[in-house]
Amino acid sequence: MDQSRRLQAVQTPIIPVIADLIRSNPGTISLGQGVVNYGPPPAASLQIARFLSDSENHKYQATAGAPALVDALTGKLAAENGVAVGEAHGNRLMVTAGGNQAFFNAILAILDPDDEVILPVPYYFNHEMAIVMANARPVLVRTDENFQLDIDAIRAAITPRTRAVLTVSPNNPSGAVYPEAALRAVNALCAERGLFHISDEAYEYFTYDDARHFSPAAIPGAAAHTISLYSMSKAYGFASWRIGWMAYPERLEAAIRKIQDTVIICPPVIAQYAALGALEEGRAFVQAKVQRLAKTRAMVKRELSVLQQEGLADVPDAAGALYYLMRVKSSMAPQDYARRLIEAHRIAVIPGDAFGLTQGCHLRVAYGALQPETAVEGVGRLVAGVRALAAVGAG
């Protein structure tokens, strides 16, 4: 039997496609997947013995997450994000198997078939895919030349079928950090029009220079319509442990519990113990890693700026996350360009059409996974590849 028509409409995940090309071209350095070059803090591993010491931990546990972890995350949100969570505040918190599952929980809870979610472009491809899987419709809205939000365009895209506006800040794939004023404007618009504001904050710690992260749920009165999504994958080097969490309006509690119980019953308990250990080390652990990552970012920015000076690419400023999203001066399709970079120059990036960028040739450059020595070599290969493709007329 063929796959469902619903799944036929979902784009093919680009990361496995690029991974297959990398495997077929040994020696390729990847500037593709958005991961960091470090693992969890030691305190996370120490909690594993504690998990194993209690045989009850091998059974199903609380659907919303281990009470100790829920309490720790509640404290974290209050102290770092200015977001109060609990029945007294009209919202709830649930631990999930990563930030992607948190988003899928939210989408299934609020959407009926043919409902709409407004996505500023570029979008994170798994968000767009989840909306289509839910038989709903992503409504794509432009951003400016630096990938910043266009509030008027968002307002103009609202229809009677609109249920939510999604923002991702710091942004994957662009690295843009949305100013507090812009996020407040989106949140106010959602309150005015009776919509949910879904705020993906997976990269909250990854800001550079003068950029600052802001949580829209911290706005007085926002708890009633704001769904906030978080992840430990990047900040704590937790990608394979699959721990995220979501704060959401209390009126969605029954729906989200139904989804959580059906999909995973409870988040992986051993990973929850590790997460609790990581949170004991806290933000200081992450900040030290981000400071080192900032040096790699500065090198990448410097090298890519050379391509801009030579007229071969535009490189918008990126004050957050793990990415630069460059516009290469080329008439090639982005996936063809990315394939040529891998096959001829052994350097991998992610083509921009995976993020909804259909005009021009955009490439996402991810630097978080690189060690200093591979960063220099990898970006050097990218610069050489862009020059070579331009020289042979591929542009």
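In what follows, the structure referred to is the one given above.
Caption draft 1: Expanded view of the sheet that holds strand 10 (residues 323–328). Read across the sheet, 4 strands follow the order 9-10-13-12 without closing on themselves; strand pairing throughout is antiparallel. Bordering the open sheet on either side are strand 9 (313–314) and strand 12 (350–351), each of which pairs with just one other strand. When strand 9 meets strand 10, the two strands line up antiparallel, connected through 2 bridges. Within strand 10, the residue paired with D314 across the bridge is R327. In the packing of helix 11 (residues 334–345) onto the sheet, the strands contacted are strand 10, strand 12 and strand 13 (361–366), and the crossing angle to strand 13 comes to about 50 degrees.

Caption draft 2: Structural context of the environment of Q308. With respect to the helices and strands, the residue Q308 is situated in helix 10 (residues 269–309). With 18 residues separating them in the primary sequence, Q308 and M326 have C-alpha atoms 9.3 Å apart. Excluding residues within four positions of it along the chain, Q308 makes contact with A313, D314 and V315.

Caption draft 3: Representation of the pattern of salt bridges within the structure. Applying the stated criterion to the full structure yields 21 salt bridges. A salt bridge links E87 to R92, with the nearest nitrogen and oxygen atoms 3.7 Å apart. The structure contains a network of salt bridges with shared partners spanning E87, R92, E250, E253 and R257.

Cut-offs used in this document
Residues numbered from 1 in each chain as written. Predicted model: local features only at pLDDT ≥ 70, side-chain atom pairs only at ≥ 80, totals over all residues. Heavy atoms only, no water. Pairing = 2+ DSSP bridges. Helix = DSSP H or I, 4+ residues; strand = E, 2+ residues; numbered from the N terminus. Contact = heavy atoms within 4.5 Å. Axes fitted to C-alpha atoms, helices over the stretch in contact; angles between N-to-C directions. Salt bridge = Lys/Arg side-chain N within 4 Å of Asp/Glu carboxyl O.

Everything listed here is a matter of geometry and, on its own, says nothing about what the molecule does.
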